[in-house]
Amino acid sequence: MLAETKAFSGFAVSDLTEARAFYEGTLGLRVSEEHDLLTLHLAGGRDTLVYPKPDHVPATYTILNFEVDDVEVAVDELERRGVRFERYEGFDQDDKGIARGPDGPTIAWFTDPAGNILAVLET
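Let me sum up the structure you'll find in this document. Note that the structure is a prediction, hence the values are computed from the model and not measured.

Within a sheet, adjacent strands bond to each other through the backbone by hydrogen bonds, running parallel or antiparallel. In space, the 4 strands of this open sheet follow the order E1-E4-E3-E2, with mixed pairing throughout. Edge positions in the sheet fall to strand E1 (9–13) and strand E2 (30–34), since each has one partner strand and no second. Across the sheet, the mean angle from the axis of one strand to that of its neighbour is 25 degrees, orientation sign disregarded. The pairing of E1 with strand E4 (residues 48–52) spans 5 bridges and is parallel. Residue pairing in the sheet places Val 13 in a bridge with Pro 52 of E4. Across the sheet, helix H1 (residues 16–26) lies against E1, E2, strand E3 (37–41) and E4, angled at about 160 degrees from E2, the strand it touches most.

Considered for burial, the residues of helix H2 (residues 71–80) that qualify are Val 71, Ala 74, Val 75 and Leu 78. Down the axis of H2, the buried set is contained in an arc of 100 degrees. They therefore lie on one face. For H2, the exposed residues lying more than 90 degrees away from the buried face are Val 73 and Arg 80. Looking at the buried residues of H2, the elements they touch are strand E5 (62–68), strand E7 (104–111) and strand E8 (117–122). For H2, the N-terminal cap is Asp 70; the gap from its side-chain oxygen to the backbone nitrogen of Glu 72 is 3.0 Å. The positive-phi residue at the C-terminal boundary of H2 is Gly 82, with phi of around 95 degrees.

Right, let's talk about the packing of aromatic side chains for a bit. Summed over all chains, the structure comprises 5 aromatic pairs. Centroid distance Tyr 88 to Trp 109: 5.4 Å. Interplanar angle 80 degrees. Geometry classified as edge-to-face. Residue Tyr 88 is located in the loop between H2 and strand E6 (99–101), and its partner Trp 109 is located in strand E7; the two are separated by 21 residues in the primary sequence. The class of Tyr 88 is partly exposed, set by a relative accessible area of 25%. Grouped by ring-pair contacts, the aromatic residues Phe 11, Phe 22 and Tyr 23 constitute a single cluster.

Looking at H1, one finds that the buried residues are Leu 16, Ala 19, Phe 22, Tyr 23 and Thr 26. End-on view of H1: buried residues confined to an arc of 155 degrees, all on one side of the axis. Residues of H1 that are exposed and angled more than 90 degrees away from the buried face: Thr 17 and Gly 25. Immediately downstream of H1, the backbone of Gly 28 shows phi near 75 degrees, a positive value.

In this fold, Val 75 is placed in helix H2. For Val 75 and Phe 85, which are 10 residues apart along the polypeptide, the C-alpha to C-alpha distance reads 8.0 Å.

Rules behind the numbers
Every residue gets a number counted from 1 within its own chain, in the order that chain's sequence is written. Predicted model: local features are reported for residues with pLDDT of at least 70 only, side-chain atom pairs are reported and counted for 80 or more only, and whole-chain, interface and lining totals are derived from all residues. For side-chain calculations, the full set of non-hydrogen atoms in the structure is used, while hydrogens and water are omitted. At least two DSSP bridges between two strands are needed for those strands to be called paired. The way it works is that DSSP assigns letters per residue, a run of H or I at least four long becomes a helix, a run of E at least two long becomes a strand, and they are numbered from the N terminus. Convention adopted: a line fitted to C-alpha atoms gives each axis, helices being fitted over their contacting stretch, and angles between N-to-C directions are expressed from 0 to 180 degrees. Residue contacts are counted whenever heavy atoms from the two residues lie within 4.5 Å of one another. Burial here depends on accessible area, computed with a 1.4 Å probe over protein chains only, as a share of the maximum for the residue type. Under 20% is buried, over 50% is exposed, and the range in between is partly exposed. This arc describes the spread of directions from the helix axis toward the C-beta atoms. Under this definition, polar contacts are N or O atom pairs within 3.5 Å; protein pairs additionally need one hydrogen-donor-capable and one acceptor-capable atom, and for neighbouring residues in sequence, both atoms have to be side-chain atoms. When the centres of two rings from Phe, Tyr and Trp lie within 6.5 Å, Trp using its six-membered ring, the rings pair. Their planes under 30 degrees apart give stacked, over 60 give edge-to-face, and anything left gives tilted.

Next up, the structure:
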C-alpha cells in the first residue's frame with residue numbers, strides 16, 4: 001500500500017531557533033523553515049523534518065548518521081566549530097572519541113543542542 005509513497009524522517013528538538021543555528025551554522029547544512037518546522041536538506045534528496053516539542057526528551061540512540069570519507073578529518077573540523085564528541089562505555093574510543101573496531105564502522109558520536117545523538121561514520 002505505501003510502497004510508492006514519498007516518506008521522510010523527522011525528530012524533535014526543544015528549541016527550533018537553537019536547532020537551526022546548530023544544523024545550519026555549525027554543521028553547515030542547507031535548511032529551510034516553514035510553519036514553525038525546520039527541514040534539513042541532506043545530500044541525496046533525503047530531507048528530514050525537525051519540529052519543536054516543549055517537553056522534548058532526547059533519544060537514547062543515534063537519530064542521524066553522516067557518512068564521511070575520513071572520520072578523523074570530520075571530527076577535527078567539527079571540533080574547530082565547537083562540537084564535543086561523546087564517549088560511551090563499552091566502546092573502544094581514542095582520545096578524539098573515534099571508535100575503530102573489527103565489528104563495526106569507524107564512527108564518532110556527538111549531540112545537537114537538544115541532546116539528540118548524531119554521528120559521523122567512515123564509508
